[in-house]
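Survey of secondary and tertiary structure
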Amino acid sequence: QLEDILSTTSQAFLGLTLGCARFHNHKFEPLTDQDYYSMVAIFNGLERPRKGRTELDLPTGTREELAREAERDRRIEPLDKRIAALREPFRDPQKKLPPDASLPADVRRGISGLLEEIAAIRRAMPDLPRGYFLHEPRPPAPAYLLVRGKAASPGPEVAPAVPAVLVDAQPEFPFAQRRLALARWLASPANPLTARVIVNRVWLHHFGEGLVRTPSDFGVMGEKPTHPELLDWLANWFVENGWSFKKLHRLILASNTYRMSKQANPEYAAKDPENRLLWRVPYTRLSVEAIRDSILAVSGRLNPALYGPSMLPEIPAAALEGSSDPDKIWKASEEDEQSRRTVYVLLKRSMVVPMLEVLDLCDTARSAAKRMTTSVAPQALTLYNGGFVNKQARYFAWRLVNEAGRDPARQIERAFRLALARPPTDAERDALLQFLQEESLEQMARVIFNLNEFVYPD
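Not measured: the values here are computed from a predicted model.

Cut-offs applied
Residues numbered from 1 in each chain as written. Predicted model: local features only at pLDDT ≥ 70, side-chain atom pairs only at ≥ 80, totals over all residues. Heavy atoms only, no water. Helix = DSSP H or I, 4+ residues; strand = E, 2+ residues; numbered from the N terminus. Rg over C-alpha atoms; globule rule 2.2 N^0.38 Å. Contact = heavy atoms within 4.5 Å. Lys, Arg positive; Asp, Glu negative; His and termini not counted. Charge placed at Lys NZ, Arg CZ, Asp CG, Glu CD. Axes fitted to C-alpha atoms, helices over the stretch in contact; angles between N-to-C directions. Parallel < 35°, antiparallel > 145°, perpendicular 65-115°, else oblique. Nonpolar A, V, L, I, M, F, W, Y, C, P; charged D, E, K, R; others polar. Salt bridge = Lys/Arg side-chain N within 4 Å of Asp/Glu carboxyl O. Buried < 20%, exposed > 50% of the residue type's maximum accessible area, 1.4 Å probe, protein only. Left-handed = near helix turned anticlockwise from the far one by under 90°. Core = buried A, V, L, I, M, F, W, Y, C linked by side-chain atoms within 4.5 Å. Expected span 1.5 Å × (residues − 1). Patch = residues over 30% accessible without salt bridge, like charges linked within 9 Å, V, L, I, M, F, W, Y side chains within 5 Å. Areas by Shrake-Rupley, 256 points an atom, 1.4 Å probe, with all protein chains shown as cover. Phe/Tyr/Trp six-rings, centres within 6.5 Å; stacked < 30°, edge-to-face > 60°. Lys NZ or Arg CZ within 6 Å of the ring centre and 35° of its normal. Polar contact = N/O pair within 3.5 Å; in protein donor to acceptor, adjacent residues only side chain to side chain.

1. Section: the overall build of the protein chain
When helices and strands are counted, the protein chain shows 19 helices and six strands. Here the C-alpha atoms of the protein chain give a radius of gyration of 29 Å, more than 25% beyond the 23 Å that 2.2 N^0.38 yields for 458 residues. Referenced to the eigenvectors of the C-alpha coordinate spread, the extents of the protein chain come out at roughly 85 × 70 × 45 Å. For the protein chain, long-range pairs separated by at least 24 residues make up 62% of all intrachain contacts whose partners lie at least 6 apart in sequence. Each charge class in the protein chain was averaged separately, 62 positive and 59 negative side chains, and the resulting centres sit 3 Å apart.

2. Some remarks on the packing of helix H10 (residues 288-299) against helix H15 (residues 387-404)
Interaxial distance between H10 and H15 falls to 8 Å at its minimum, and their mutual angle equals 30°. In terms of axis orientation, H10 runs roughly parallel to H15. Residues Arg 292, Ile 295, Leu 296, Ala 297, Val 298 and Ser 299 of H10 lie in contact with H15, whose contacting residues are Phe 388, Val 389, Gln 392, Tyr 395, Phe 396 and Arg 399. Here the contact of H10 with H15 is composed, by residue class, of eight nonpolar, two polar and two charged.

3. So, the pattern of salt bridges
The tally for this structure, following the rule as stated, stands at 31 salt bridges. One salt bridge connects Glu 77 with Lys 81, and the closest N-O pair in it is separated by 3.6 Å. Taken as a pair, Glu 77 and Lys 81 lie in helix H3 (residues 63-87) at a separation of four residues, close to a single helical turn. Note on Lys 81: relative accessible area 55%, which makes it exposed. For Asp 127, the salt bridge is made with Arg 122, and the minimal N-O distance between the two is 3.3 Å. For Arg 122, a relative accessible area of 35% puts it in the partly exposed group. In this structure, a network of salt bridges that share partners links the residues Glu 69, Arg 72, Asp 73, Arg 122 and Asp 127.

4. Overview of the packing of H15 against helix H18 (residues 441-449)
Packing of H15 against H18 brings their axes to within 8 Å, and their N-to-C directions diverge by 115°. Viewed along their axes, H15 and H18 form a crossing whose handedness is right-handed. Where H15 approaches H18, its residues Val 389, Asn 390, Gln 392, Ala 393, Arg 394, Phe 396, Ala 397, Leu 400 and Val 401 are matched on the opposing element by Leu 441, Glu 442, Met 444, Ala 445, Arg 446, Ile 448 and Phe 449. Classifying every residue of the contact of H15 with H18 by side-chain character gives eleven nonpolar, two polar and three charged.

5. Description of the nonpolar core
Judged by nonpolar contacts, the single largest core of 46 residues is most densely connected at Leu 182, Trp 185 and Leu 248. Elements that contribute at least two residues to this core include exactly helix H1 (2-14), helix H2 (33-43), strand S5 (143-146), helix H5 (178-186), helix H6 (194-207), helix H7 (228-240) and helix H8 (245-253). Not counting residues within four places of it along the chain, the set of residues in contact with Trp 185 comprises Leu 14, Val 162, Leu 166, Val 167, Pro 171, Ala 190 and Asn 191. One finds Ile 291, Met 351, Ala 393 and Ala 415 within the second-largest nonpolar core, a separate group that totals 39 residues.

6. Notes on H1
A rise of 1.5 Å per residue sets the reference length of H1, with its 13 residues, at 18 Å; its end C-alpha atoms lie 17 Å apart and thus fit the reference within 8%. Among the residues of H1, Ile 5, Leu 6, Ser 7, Thr 9, Ser 10 and Leu 14 are the ones counted as buried. Contacts from the buried residues of H1 go to H2, H5 and H6. Where H1 ends, the next residue or the one after it, Gly 15, has phi of about 65°, a positive value.

7. With respect to a nonpolar patch on the surface
Where nonpolar side chains cluster on the molecular surface, the patch consists of Phe 28, Val 220 and Met 221 and spans about 330 Å² of accessible area. With respect to the helices and strands, Val 220 occurs in the loop between H6 and H7.

8. Re the packing of aromatic side chains
Applying the stated criterion across every chain yields a total of ten aromatic pairs. Looking at Arg 178, its charged tip hangs above the ring of Phe 175, at a distance of 5.8 Å from the centre. Above the plane of the ring of Tyr 344 lies Arg 340, whose end atom (NZ or CZ) is 3.9 Å from the centre.

9. As for the side chain of Arg 178
Residue placement: Arg 178 occurs in helix H5. Arg 178 gets classed as buried once you look at its relative accessible area, which sits at 5%. Here the side chain of Arg 178 touches Ala 41 through a polar contact of 3.0 Å, landing on its backbone oxygen. There is a polar contact of 3.0 Å between the side chain of Arg 178 and the backbone oxygen of Phe 175. Setting aside residues no more than four positions away along its own chain, Arg 178 makes contact with Ala 41, Ile 42, Asn 44, Glu 136, Pro 140, Pro 160 and Phe 173.

10. Here we look at the environment of Asn 25
Take Asn 25: it is sitting in the loop between H1 and H2. Along the chain, Asn 25 and Lys 224 lie 199 residues apart, while their C-alpha atoms are 23 Å from each other. Residues in contact with Asn 25, not counting those within four places in the same chain, are Leu 31, Thr 32 and Asp 33. A distance of 3.0 Å separates the side chain of Asn 25 from the backbone nitrogen of Asp 33, its partner in a polar contact.

11. Concerning unusual backbone geometry
Even without glycine at this site, Asn 275 takes up a positive phi of about 60°. Topologically, Asn 275 is positioned in the loop between helix H9 (266-271) and H10. You will see that Ala 421, though not glycine, has its phi angle at about 60°, which is positive. When you line up the elements, Ala 421 lands in the loop between helix H16 (408-420) and helix H17 (426-436). Given a relative accessible area of 65%, Ala 421 falls into the exposed group.

12. Observations concerning the environment of Ile 329
Along the chain, the position of Ile 329 falls in the loop between helix H11 (317-321) and helix H12 (335-338). Classification of Ile 329 by relative accessible area gives buried; the value is 14%.

Shown next, in the form of structure tokens:
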């Protein structure tokens with residue numbers, strides 16, 4: 001657990017493969033096993049909230065809010081005990097309690113009064129939001145350097161610290177605020193890496209490749225930045241503008257580099273085939289979440305509802321047949337609920353929705369520096385023959401009839417405006433008019449969902 005926390009933190013915020021120093025000094029980077037276990041000491045004591053093998057959630061809030069909820073629960077606890085005591089004499093020989101309605105009237109009145117009292121306390125002190133996160137239920141034990149990474153071979157005790165190569169002097173790590181101290185150091189001018197790693201990840205998001213093409217490895221074994229001065233300038237600008245992601249996105253999207261054409265240039269391609277000098281914007285495929293959401297938006301079925309629990313998507317019968325335990329797969333939500341954005345889809349490691357998996361959804365069990373983009377036959381089959389796409393093509397066809405009437409030319413015009421944000425060319429219009437003489441509007445809708453331009457937008 002601590003290995004995962006430390007490796008993820010060091011790669012996500014520092015761009016360092018510190019996890020490689022768990023068993024010995026890093027073979028390539030100036031990182032030692034002392035650095036590794038000193039960082040472990042920062043996180044030592046964190047535990048998953050659970051009771052036996054049951055995972056639990058916890059309330060979230062300020063210390064004052066958590067204290068108020070704890071005080072509320074202390075007030076409710078004796079009332080619950082009094083209710084249990086009132087019910088206890090009426091257990092049957094099998095230790096089962098009868099329904100409250102069958103209890104004597106005076107007992108029912110007593111229980112009702114106590115329940116009203118509990119309800120009044122809860123109204124005055126409502127439940128806090130809850131979440132699943134690690135916590136520190138007791139003071140952490142000392143941390144030790146484990147010889148060769150073995151828990152049975154503890155070496156010298158280590159104090160909380162960040163990798164020595166990154167600092168001239170270690171930040172202070174108060175005993176009760178070790179992780180807060182780490183967070184402050186990560187976002188401080190004394191740390192040379194966090195801002196650079198973040199702006200590089202945002203650049204990667206927009207261009208498909210970062211200025212450093214190994215976004216989680218800024219070390220010796222990682223690639224050098226293609227534009228080091230630009231990376232430094234963006235990092236400084238980002239910090240000076242309050243670490244605002246919104247401003248950073250706006251800056252990049254308004255840049256001349258982002259507004260470059262995607263058209264090829266043979267002369268430039270011969271000199272820079274990998275486009276490291278950013279002479280054009282590369283074609284990048286939408287993520288599977290954006291593909292699915294775009295299909296729903298174009299078909300007119302997208303449900304924009306926010307928040308709430310995950311929605312349960314429909315699992316194809318073929319996928320259920322291949323499951324080792326199909327009886328435990330969820331029952332799908334109502335169709336309107338299934339039409340919510342893909343961010344609300346329930347992700348279960350033992351049953352990932354096939355459409356998401358085949359279109360390169362990230363492995364949900366570990367962090368990923370960037371999305372893989374593959375091109376394999378099942379993707380084409382999913383987008384052309386899959387039940388979801390065919391259903392949405394039917395809705396898209398109905399939408400075109402409702403918005404453009406029965407005129408095929410107007411339907412084609414409206415379809416291109418909705419799906420590709422442009423009018424069709426004369427050649428495209430003529431081809432689809434001929435297509436509609438032989439095929440249905442639903443089939444045309446399906447074809448449009450499968451255009452390269454739909455998933456590789458300009």
